[in-house]
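Chain by chain, the residues run as shown.
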Amino acid sequence: MTTALMDGIARVVISEAEIARRVRELGREISADYRAGAAKDPRGRPLLVVGILKGAMPFMADLVRAMDIPLEYDFMAVSSYGNGTSPGEVRILKDLDCAIGRRDVLVVEDIVDTGHTLQHILAGLSARGPASLRVCTLLDKPHRREVEVPVDYVGFVLPENLFVVGYGLDYAEVYRNLPFVGVLKPEYIRDA
Ligand code: IMP
């Protein structure tokens, strides 16, 4: 890790060790649920884990390796214009490579904030007729929700006023490679 990268960090909110512990727990819980009947695919095909780029990449990589059931994975990329011209407008930049009709699908997100991004993703995926559709997010800000979205597995709940970076989460595309989740020093936020 470069000194310059750490320079912007005010404090660690969730440490590398805490993340690793929670990801192992989630992997075990999700695997047990699908073994116990969460899987509904009439043809018995493996669970399809769908990572939402770019933020979910590190979490997804660790989570699938903490799962001990057969699975496939694929990725979608979306962009959201949260506070821009059209609040809640979400665009799909990269769609799935595979069909999901009558398959079990688990969407993996980095963070659920207002819920607009996830709502859009889930609406699009449901329309393709999966056998089941669940969501796992590393971080959740439930108090900031503007639309109701079902979230089945949550790593950590954050207070609403905290903007975090690291472990996939960015500020202006930087800090995704930090191994922990932290907050930036105010002087490193351009419009602070
Ligand atoms: P939502 O549509 O408001 O739920 O926003 C979800 C997206 O906003 C996430 O995928 C992130 O890209 C971004 N986001 C929300 N909160 C944070 C944060 O604390 N740090 C970094 N990105 C965030």
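That block above? That's the structure.
Predicted, not measured: the structure shown is a model, and the values here were computed from it.

What am I meant to see in the overall build of the protein here?
Secondary structure assignment for the protein yields four helices and nine strands. The C-alpha atoms of the protein give a radius of gyration of 17 Å, which matches the 16 Å a tight globule of 192 residues would have. In terms of its C-alpha atoms, the protein occupies a principal-axis envelope of roughly 55 × 40 × 30 Å. Taking all 192 residues of the protein together, 44% fall into the buried category. The contacts in the protein between residues at least 6 apart in sequence include a share of 66% that link residues at least 24 apart. Carbon and sulfur atoms make up 51% of the accessible area of the protein, which totals about 9800 Å². Once the 23 positive and 27 negative side-chain charges of the protein are each reduced to a mean point, those two points are 4 Å apart.

Just checking my understanding: could you explain the sheet that holds strand β4 (residues 90-94) for this structure?
Picture the strands of a sheet paired through backbone hydrogen bonds; they go either parallel or antiparallel. Pairing is mixed in the open sheet, where six strands are placed in the order β4-β3-β2-β5-β6-β7. The open sheet has two edge strands with one neighbour each: β4 and β7 (153-157). On average, adjacent strands in this sheet sit at an angle of 25° to one another, irrespective of strand direction. As paired strands, strand β2 (residues 47-53) and strand β3 (residues 71-80) are joined by seven bridges and run parallel to one another. If you follow Leu 48 over to β3, its bridge partner there is Glu 72. Across the sheet, helix α2 (residues 16-38) is in contact with β2, β5 (104-112), β6 (132-140) and β7; its angle to β7 comes to roughly 160°. Together, β2, β3, β4, β5 and β6 form the strand contacts of helix α4 (residues 116-126), whose direction differs from that of β5 by roughly 165°.

Would you take a moment to explain the sheet that holds strand β1 (residues 9-14) for this structure?
Strand order in the open sheet made by the three strands is β1-β9-β8, with antiparallel pairing throughout. Each of the sheet's edge strands pairs with one partner strand only, and the pair in question is β1 and β8 (164-165). Summarising the sheet, β1 and strand β9 (residues 181-184) pair through four bridges and their orientation is antiparallel. Along β9, the bridge assignment pairs Arg 11 with Val 183.

I keep staring at the nonpolar core and nothing clicks. Help me out?
Soluble, globular proteins show a tendency: their nonpolar side chains are buried together. Residues Phe 59, Leu 63, Leu 139 and Val 164 are the most contacted members of the largest nonpolar core, which totals 31 residues. Among the elements of the structure, α2, β2, α3 (57-65), β5, β6, β7 and β9 are those that each provide at least two residues to this core. The leading source of residues in this core is α2, at six residues. If we ignore the near neighbours within four places in the chain, the residues touching Val 164 are Val 13, Ile 111, Leu 139, Leu 158, Leu 169, Val 181, Gly 182 and Val 183. Counting residues in hydrophobic clusters, the runner-up holds 17 residues, among them Leu 48, Val 78, Ile 121 and Val 149.

What am I meant to see in α4 here?
Each α-helix winds once per 3.6 residues, and so residues spaced three or four apart point in a common direction. Looking at α4, one finds that the buried residues are His 116, Leu 118, Ile 121, Leu 122 and Leu 125. The elements touched by buried residues of α4 are β2, β3, β4, β5 and β6.

What's the story with the packing of aromatic side chains in this structure? I'm lost.
For any pair of aromatic rings, the description rests on two quantities: the centre-to-centre distance and the angle between the ring planes. Per the stated rule, a full pass over the model turns up two aromatic pairs. Centroid distance Tyr 73 to Phe 75: 5.7 Å. Interplanar angle 65°. Geometry classified as edge-to-face. Both rings, one in Phe 163 and one in Tyr 171, keep their centres 6.3 Å apart while their planes meet at 85°; by these two values the pair is edge-to-face. Looking at Phe 163, the relative accessible area reads 46%, which means it is partly exposed.

Explain the side chain of Asp 110 to me, please; I cannot follow it from the model alone.
Looking at the element boundaries, Asp 110 is found in strand β5. In contact with Asp 110, not counting residues within four places along its chain, are Gly 55, Ala 56, Thr 137, Leu 138, Leu 139 and Leu 169.

Rules used in this analysis
Residues numbered from 1 in each chain as written. Predicted model: local features only at pLDDT ≥ 70, side-chain atom pairs only at ≥ 80, totals over all residues. Heavy atoms only, no water. Helix = DSSP H or I, 4+ residues; strand = E, 2+ residues; numbered from the N terminus. Rg over C-alpha atoms; globule rule 2.2 N^0.38 Å. Buried < 20%, exposed > 50% of the residue type's maximum accessible area, 1.4 Å probe, protein only. Contact = heavy atoms within 4.5 Å. Areas by Shrake-Rupley, 256 points an atom, 1.4 Å probe, with all protein chains shown as cover. Lys, Arg positive; Asp, Glu negative; His and termini not counted. Charge placed at Lys NZ, Arg CZ, Asp CG, Glu CD. Pairing = 2+ DSSP bridges. Axes fitted to C-alpha atoms, helices over the stretch in contact; angles between N-to-C directions. Core = buried A, V, L, I, M, F, W, Y, C linked by side-chain atoms within 4.5 Å. Phe/Tyr/Trp six-rings, centres within 6.5 Å; stacked < 30°, edge-to-face > 60°.

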